[in-house]
Amino acid sequence: MANPETSTDSSLLPDDDPSRRDVILIGAGAFAAIGGAAVLWPLLDQMNPDASTLSLSTTEVDIAPIEEGQAITVMWRGKPIFIRHRTAKEIDEAKEVKLDKLIDPLARNANLPEDAEATDANRAASDREPWLVMIGICTHLGCIPKGQAVGDYKGEYGGWFCPCHGSQYDTAGRVRVGPAPQNMYIPPYAFTSDTKIKIG
Amino acid sequence: MAHPSTYQPASGIGRWFDSRLPVPRVMHDQFMVFPTPRNLNYWWTFGGILSFMLAVQMATGVVLAMHFVPTPEGAFDSVEKIMRDVNWGWLLRYSHAVGASMFFLAVYIHTFRGLYYGSYKAPREVLWILGVLILLLMIATAFMGYSLVWGQMSFWAVTVITNLFSSLDALIPGLGTVLVEWIWGGFSVGGPTLNRLYALHYLFPFVIAGVVILHIWALHVPGNNNPTGVDVKTAKDTIPFHPYYTIKDGFALVVFLIVFAALLFYAPNFLGHPDNYVPANPLQTPPHIVPEWYFLPFYAILRAIPNKLFGVIGLIGSISILFFVPWLDTSRIRSTSYRPIYKWFFWLFVVTCIALGYLGSQAPDGWYLFFGRLCTAYYFGFFLLIMPIVGLIERPKRLPGSITQSVLGSEAPQRAVSSESAPEGVA
Amino acid sequence: MTILRALAVALLAGLAVPGLALAEEAPNGHGPVIEAQEWSFAPPFGSFNQAQLQRGYWVYKDVCSNCHSMRFLSYRNLGEPGGPHFSKKAVETLASQVQVMDGPDDKGEMFSRPGRPSDHFRSPYANDQAARAANRGALPPDLSVMAKARGSGPDFIYALLTGYEKAPADFDLTQGMQYNKAFPGHQIAMPQPLVDGVIPYTDGTKPTVDNYAKDVSAFLMWAAEPKLEERHKIGARVMIFLIVFAVIMYLSKRAVWARLHRRDHTHVT
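Residues numbered from 1 in each chain as written. Chains lettered and ligands numbered in written order. Predicted model: local features only at pLDDT ≥ 70, side-chain atom pairs only at ≥ 80, totals over all residues. Heavy atoms only, no water.

Caption draft 1: Here's a closer look at the interface of chain C and chain B. On the side of chain B, 43 residues touch chain C, which itself brings 47 residues to the contact. Together, the buried faces of chain C and chain B total about 4200 Å²; carbon and sulfur atoms form 67% of this surface. Run the count over chain C and chain B and you get 2 salt bridges. Two residues, Asp77(B) and Arg71(C), come together in a salt bridge whose shortest N-O distance is 2.5 Å. Linking chain C with chain B are 9 residue pairs in polar contact (both at pLDDT 80 or more). Counting residues per element, the ones that place at least two in the side of chain C that touches chain B are helix H1 (2–16), helix H5 (146–149), helix H7 (209–224) and helix H8 (228–266) of chain C. In terms of residue count, the dominant contributor to the side of chain C that touches chain B is H8(C) (22 residues). (Contact = heavy atoms within 4.5 Å. Buried area = accessible area lost by both parts, 1.4 Å probe. Salt bridge = Lys/Arg side-chain N within 4 Å of Asp/Glu carboxyl O. Polar contact = N/O pair within 3.5 Å; in protein donor to acceptor, adjacent residues only side chain to side chain. Helix = DSSP H or I, 4+ residues; strand = E, 2+ residues; numbered from the N terminus.)

Caption draft 2: Region of the structure containing the sheet that holds strand E3 (residues 79–85) of chain A. Residues and elements named next belong to chain A. Taken in spatial order, the 3 strands of this open sheet run E2-E3-E4, and their pairing is antiparallel. Each end of this open sheet is capped by a strand with a single partner; those strands are strand E2 (71–76) and strand E4 (131–135). Along the sheet, successive strands turn relative to each other by an average axial angle of 20°, direction set aside. As defined by bridge partners, E3 adjoins E4 across 5 bridges and the pair is classed as antiparallel. Within E4, the residue paired with Ile83 across the bridge is Val133. (Pairing = 2+ DSSP bridges. Axes fitted to C-alpha atoms, helices over the stretch in contact; angles between N-to-C directions.)

Caption draft 3: Structural context of the domain arrangement of chain C. All names here are of chain C. Domain annotation of chain C identifies domain 1 (37–73 + 120–226) and domain 2 (227–261). With centres defined by C-alpha atoms, the gap from domain 1 to domain 2 works out at 42 Å. Each side of the interface is counted separately: domain 1 has 11 residues, and domain 2 has 5 residues. Overall, the association of domain 1 and domain 2 removes approximately 640 Å² of surface from exposure, summing both partners, and the carbon and sulfur fraction of that is 54%. Per-residue buried area on domain 1 facing domain 2 is highest for Phe48, Glu225 and Pro226; these three make up 53% of the total on that side. Here domain 1 and domain 2 share 1 salt bridge between them. (Domains from an automatic or database assignment.)

Caption draft 4: The arrangement of unusual backbone geometry in detail. Following Gly178(A), the chain continues to Pro179(A) via a peptide bond in cis, the omega torsion being 15°. Along the chain, Pro179(A) turns up in the loop between strand E7 (175–177) and strand E8 (189–193). Phi at Trp88(B) is positive, roughly 65°, even though this residue is not glycine. With respect to the helices, strands and loops of the structure, Trp88(B) is situated in the loop between helix H4 (75–84) and helix H5 (89–117). Classification of Trp88(B) as partly exposed rests on a relative accessible area of 22%. A positive phi angle, close to 60°, is found at Trp150(B), a residue other than glycine. (Buried < 20%, exposed > 50% of the residue type's maximum accessible area, 1.4 Å probe, protein only.)

The structure is reproduced here in structure tokens:
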């Protein structure tokens, strides 16, 4: 039989006001829970990008040296940005593609609404169709596709080819052969002059 | 004191797990129903507070480690980055720094409690020794942690304290220098030193946690001491740890946190030294090199002794002497409450330690040096002379017959009580 | 030890000179005693005065930044709440007015470009050696955390900036140094940086040395502790929470222990 002196079973001991004691204990428990949550949040939030990382959000690029048919890669927020100066042939090829032939019909352009369609006009720079600016990361598992250098194999659609699992992109950066599910993303950017782009 | 376990798993899953790894059983037996003397006062809440502070330092330390850069070029800057850019970085850094001070405040109170109530006496000698070991590990950890900031005080404190080992050259020529260069990883304090201090600073708290587990284990074998120093005689002398001491420790912890929060939010640099906001400069020594407040008494003892080697021996001796306390104190009475002569010496010892703390912050000349030496003499005299001698010659007050009697019975100290304290027939 | 003694003797000797209102020396060689000032940000409920911080920034920018770097600050900090809180446009303008080094470019060369909010404050010198060379061997310290790097930080900075005066007749002033009441040792390499009217104030505050010193000291305090206001604000909430929590815990403790005390009184011994 449980020892009343050492037992924690409250039914064995006379109580004059169990409900008041319970209220106080519930209050104590609630405060402890709130305090615990308040302590836990900073411990978790400190892992989020810090203020200096968030501020490094713009890069300016001088595109004057990029000849027609050439492309450069710059870094923005730790990611490679493909900037290609497309030839007339590449532009025409991109424009001819019917939208229903595309694996991913959306533009994936941060400068446009989410539901914008993946037309060449919605992919290339507005009013400057030779210019294509994209985040150069394959939307399958994150490799960097080949196609920036003149001698690279660009896949069957003349854009980019990802060596990891064989995804192929066309001259507007849209995925044509998987396993990549989406077109390469277009970051927020703007032309600050005819020869300068500000990304981010 | 082995008690048969009364744990009954509440569910099928509980029984399944209990038969494979009885952790819930151990938690139940050791932290819920554990029979604890019913007369523990608030000085006994600091063990729980210390466990909490260890967790706080580990949690804040791990997240700080995600941002800290352990190189001479990057360390100071990375701490400032934490303070300015990392989300809540200022809160985490100040919590860790002020937390270290609060950790030491608690451990000193906890240690003085042990000294006052004779908690180091048989059969708790190993418990006491493990405690002193934890204190030593804490001292090492805090010293290394402070150095990581790589401010002027960080750098020069490491230089001064590691240079102490070169005093061994006086014993065996060359030994000290070899040892110091091994510690430094170079010919002076530098990048290799910082990196290894970081690695060890991260490691030691886990060692401390392991020793804390042994410390609690060593406590639970005989059970807690209590303010009377009289052993537990019957079940009536004890109450279950939960809910009585869980709630009492919880209350004490919240009060402790009020002090912690007041310092953290309103005076976070009060206990620190401004020179540590100056990046380390190996070519410029600060005018006064002082450690953090919790090291000041030992620093005062070090500087009180004029010879370098003996100063180092004094420094190490002032902490190591604690290991021998169970055998230095000859009194058969545990609690100082019942030792009228020793009590005066004890409180004088407390005052001496506080005085040594103040003296450690001042330059050691003139009156400061004189009193530093006087207090150092009393410090060692307390352990080496007072403890053995007073215990033998003192006539103690009469002890209560039992814990229950001390709580329920007469308060008059001189009243003769029979040793039969528990009424017959009480279950 | 001997250097300390020499310093202590020098300071005490300075005290012995009659008839001059010297700052009182602190005991044990800790330097001149610094008078405490009133600051809007003093704990526990203090906060910065935004207009003062803006003026202080101008003092730093136009006077101090010619020699002193502040490498832990970025231009974007000037627009963050809890500080001077300049507008976003003002921050971009302030940043772009400065030329910062960047690179290397594709030719491998470093180049100059206008600053951005994300850039750190431009340092006046490329490195410490260049700073020393330009200042007769003295290194103007970085000011990012100066308000915390000296005991009684802003008080000390204010005292120093307003502490320039003629050296006492028998003070041995080294060639090239200036006498300063508040500086430990009383000799400082920095010539007096502030004079009345050195920069314009546009909000009606008098452009006096006293105001410049006050404003830049407050600015430097913010620069050292940009999170001060947030810390005080959260601190108030935490203290109230903990005090209420302590009361609840005390009542809980009493309620739980009441069981035991009741048992003691009902069990007759």
